[in-house]
Amino acid sequence: MSNQVRTRFAPSPTGFMHLGGLRTALYGYLFAKKNNGKFILRIEDTDQERFVEGATEVIYDTLRGCGMDWDEGPDVGGDYGPYIQSERKATYLPYAKQLVESGHAYYCFCTKCELDERRAAAEARGEVFKYDKHCLKLSKEEVQAKLDAGTPYVIRQNAPTTGETSYDDLVFGHMTFPNDTLDDMILIKQDGMPTYNFANVIDDHLMGITHVMRGLEYISSTPKYNLLYDAFGWEIPQYIHMAPVMRDATHKLSKRDGDAYYSDYVEKGYLTEALINYLALVGWNPGNDREFFTMDELVEAFSVDRLSKSPGIFDVDKLTWFNAEYIRKLSPEKYLELATPWFDQALAGKGIDYKRLAELMQTRTEVFNRVPDMVRFLGELPAYDVEMFTNKKAKTNPEVAKAALEMLRPVIEGIEDWTETTIHDVLMAKIAESGMKNATALWPLRIAISGQMSTPGGAIEIAWLLGKDECLRRMDDGLAKLSC
Ligand code: GLU
């Protein structure tokens, strides 16, 4: 085996990109890059029933969008292709036959009905059904006769029933499994396709994979894979199994709750960089308090010995905090570009100056999908309660508010040069002259023109965004409310 580290991400194209899968890809990418190795993408599509149209493109787009370019893979090529398992179909059967020859595998002709019967009988005896090596007892001649007759078959691994198999996992340490717990798993299915269990071994070997990084669900099958490597006389790769990504201690991330897939977060308006940064920390820590990492910095900091053995809890609130920090660091131009479609959802055609709005919104944006509700009041004055004019701190009540609005209305009406500076100067001069406190006059103005207690920007910025006519119209609305 070469000395160069070679990791692979081997997704099955069954739908969208699960966060757990994305994190597996990320750790595989980081580990390869950290060690000046190669990151390989292999599409595992031998289970045709689970195949979902377009899912391969989702994998490509997601990995590229997240900055995880692969060195070898379906569309970029490489010395070990093809990198799509269905295109390697012819590769697997000869290897399975080689195992049959050496006694490590055998043809099995049991039908589904026969297996169901035996499973039911085992369950009735209170036993867990394990294939009973029934077809292993067939003589060479019997097997040949069935093959010649075209009897459908699968090829099964002939797992030992005594002794134990052990190996060292780089995260979970020394693992030992008694062989009598291993079942004779199917290597080649009736349709001639390999199972995942077989294809992953063949391909990891043929592609020179040095470190197999994958989900914990495969850890108990690993002894069976190792028996296959041994049967072929191949070097066993290093294993790095990873604990799952969970919502909390007892719940998985779920499709139904809309929190499982990468696309769920993109649609909600999370930034990819924030998501990757946070995801890296769900199941790995840098060994210090540092929280912010670019992809290159993650490569630099990554090490397998700080991967966690316990499930990583994906805390959406924490992600949201990361996201807000990343949004804050965007250039104003980039923020405007990203925010525009979200502004449009609430304000399309309303003539609001998005550039100024973006300046007011950037530090207040945690996730983009919250933006439309925060800015909607600019397009249409929401219904609001007259009680909102009362504010203890600003020393206002409906009576004071009415007086303030009556005082400010003609001032605003008289402004020719509609800029924030002029609005500010003119209002401040009038308020100072009246002897009112600033807040006492500006609180009612802000309520009247926004209909909300909290707004991006204060009364002056909102007034400017609305324009003079709309501002006056809203003040009149407020005065009418206060006169009832
Ligand atoms: N195709 C498997 C999956 O999507 C990959 C497991 C592995 O990395 O070996 O779960």
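Please refer to the structure placed before this passage.
Note that the coordinates shown come from a computational prediction; the quantities given were computed from them, not determined experimentally.

Calculation criteria
- Residues numbered from 1 in each chain as written.
- Predicted model: local features only at pLDDT ≥ 70, side-chain atom pairs only at ≥ 80, totals over all residues.
- Heavy atoms only, no water.
- Salt bridge = Lys/Arg side-chain N within 4 Å of Asp/Glu carboxyl O.
- Helix = DSSP H or I, 4+ residues; strand = E, 2+ residues; numbered from the N terminus.
- Buried < 20%, exposed > 50% of the residue type's maximum accessible area, 1.4 Å probe, protein only.
- Pairing = 2+ DSSP bridges.
- Axes fitted to C-alpha atoms, helices over the stretch in contact; angles between N-to-C directions.
- Parallel < 35°, antiparallel > 145°, perpendicular 65-115°, else oblique.
- Left-handed = near helix turned anticlockwise from the far one by under 90°.
- Contact = heavy atoms within 4.5 Å.
- Nonpolar A, V, L, I, M, F, W, Y, C, P; charged D, E, K, R; others polar.
- Near = heavy atom within 4 Å.
- Polar contact = N/O pair within 3.5 Å; in protein donor to acceptor, adjacent residues only side chain to side chain.
- Areas by Shrake-Rupley, 256 points an atom, 1.4 Å probe, with all protein chains shown as cover.
- Phe/Tyr/Trp six-rings, centres within 6.5 Å; stacked < 30°, edge-to-face > 60°.
- Lys NZ or Arg CZ within 6 Å of the ring centre and 35° of its normal.
- Disulfide = S-S within 2.5 Å.

**Brief notes about the pattern of salt bridges**
A pair can form between side chains of opposite charge whenever their charged atoms are brought close.
1) Next: Taken as a whole and assessed by the stated rule, the structure comprises 32 salt bridges.
2) Next: The residue Asp-183 makes a salt bridge to Lys-224 at a minimum N-O spacing of 2.7 Å. Of this pair, Asp-183 sits in the loop between strand E6 (173–178) and strand E7 (186–188) while Lys-224 sits in helix H7 (residues 222–232), and the two are 41 residues apart along the sequence.
3) Next: Where Glu-359 meets Arg-356, a salt bridge forms, and the shortest distance between an N and an O atom there is 2.8 Å. Here Arg-356 and Glu-359 lie together in helix H13 (residues 354–361), a separation of three residues that amounts to about one turn.
4) Next: Bridged by salt links that share partners, the residues Arg-8, Arg-42, Glu-44, Arg-88, Asp-203 and Asp-204 form one connected network.

**Quick word on the pairing of strand E5 (residues 164–169)**
1) Next: Of the two faces of E5, only one is covered, namely that formed by Thr-165, Tyr-167 and Asp-169; the face formed by Glu-164, Ser-166 and Asp-168 stays uncovered.
2) Next: Across six bridges, the pairing between E5 and E6 is antiparallel. Each bridged residue has a counterpart across the sheet, and for Ser-166 the counterpart in E6 is Thr-176.
3) Next: The antiparallel hairpin formed by E5 and E6 contains three residues in its connecting segment.

**Here's the deal with the packing of helix H16 (residues 420–434) against helix H17 (residues 438–450)**
1) Next: With their axes 9 Å apart at the nearest point, H16 and H17 run at an angle of 125° to one another. Taken together, the axes of H16 and H17 lie oblique to each other. Considering how the two elements wind past one another, H16 and H17 form a crossing that is right-handed. Across the interface between the two elements, Leu-427, Met-428 and Ile-431 from H16 touch Asn-438, Ala-441, Leu-442 and Leu-445 from H17.
2) Next: A breakdown of the residues in the contact of H16 with H17 according to their chemical character gives six nonpolar, one polar and no charged.

**Focus: the site of the ligand**
1) Next: Taken together, the neighbourhood of the ligand is formed by Arg-8, Ala-10, Pro-11, Ser-12, Glu-44, Tyr-196, Arg-214 and Tyr-218.
2) Next: Tyr-218 places a polar side-chain atom, nitrogen or oxygen, 2.7 Å from an oxygen atom of the ligand.
3) Next: Look at the ligand: alone it shows 300 Å² of surface, and the protein chains cover 83% of it.

**Digging into the sheet that holds E7**
1) Next: With antiparallel pairing, the three strands of this open sheet are ordered in space as E3-E4-E7. Pairing within the sheet leaves two strands with one partner each, and these edge strands are strand E3 (105–108) and E7. Going from strand to strand, the sheet's axes swing by 40° on average, the running direction of each strand aside.
2) Next: Pairing of E3 with strand E4 (residues 154–157), which is carried by four bridges, proceeds in the antiparallel orientation.

**Considering the packing of aromatic side chains**
1) Next: Summed over the entire model, instances satisfying the criterion amount to 28 aromatic pairs.
2) Next: Ring geometry for Tyr-107 versus Tyr-153: centroids 5.0 Å apart, planes at 80°, classification edge-to-face. One end of the pair, Tyr-107, is in strand E3; the other, Tyr-153, is in the loop between helix H5 (140–148) and E4, and 46 residues separate them in sequence.
3) Next: Classification of Tyr-153 by relative accessible area gives partly exposed; the value is 22%.
4) Next: Plain terms: the ring middles of Tyr-278 and Phe-314 are 5.2 Å apart, the flat faces sit at 55° to each other, and that makes the pair tilted. Of this pair, Tyr-278 sits in helix H9 (residues 272–281) while Phe-314 sits in the loop between strand E11 (312–313) and helix H11 (316–328), and the two are 36 residues apart along the sequence. The burial state of Tyr-278 is the same as that of Phe-314; both residues are buried.
5) Next: For the cation-ring pair, Lys-268 lies above Tyr-265, with the distance from its terminal atom to the ring centre recorded as 5.2 Å.
6) Next: Its guanidinium or amino end placed over the ring of Phe-293, Arg-290 lies 4.3 Å from that ring's centre, counting from NZ or CZ.

**With respect to the environment of Val-400**
1) Next: Within the secondary structure, Val-400 is located in helix H15 (residues 398–413).
2) Next: Through-space distance from the C-alpha of Val-400 to that of Ile-460 is 19 Å; in sequence the pair is 60 residues apart.
3) Next: Ignoring anything within four residues of it in the chain, the contact list for Val-400 reads Lys-395, Met-436 and Thr-440.

**Here we look at the state of the cysteines**
1) Next: For the structure shown, the criterion picks out zero disulfides.
2) Next: With no disulfide of its own, Cys-110 lies closest to Cys-135 among cysteine sulfurs, the gap being 3.6 Å.

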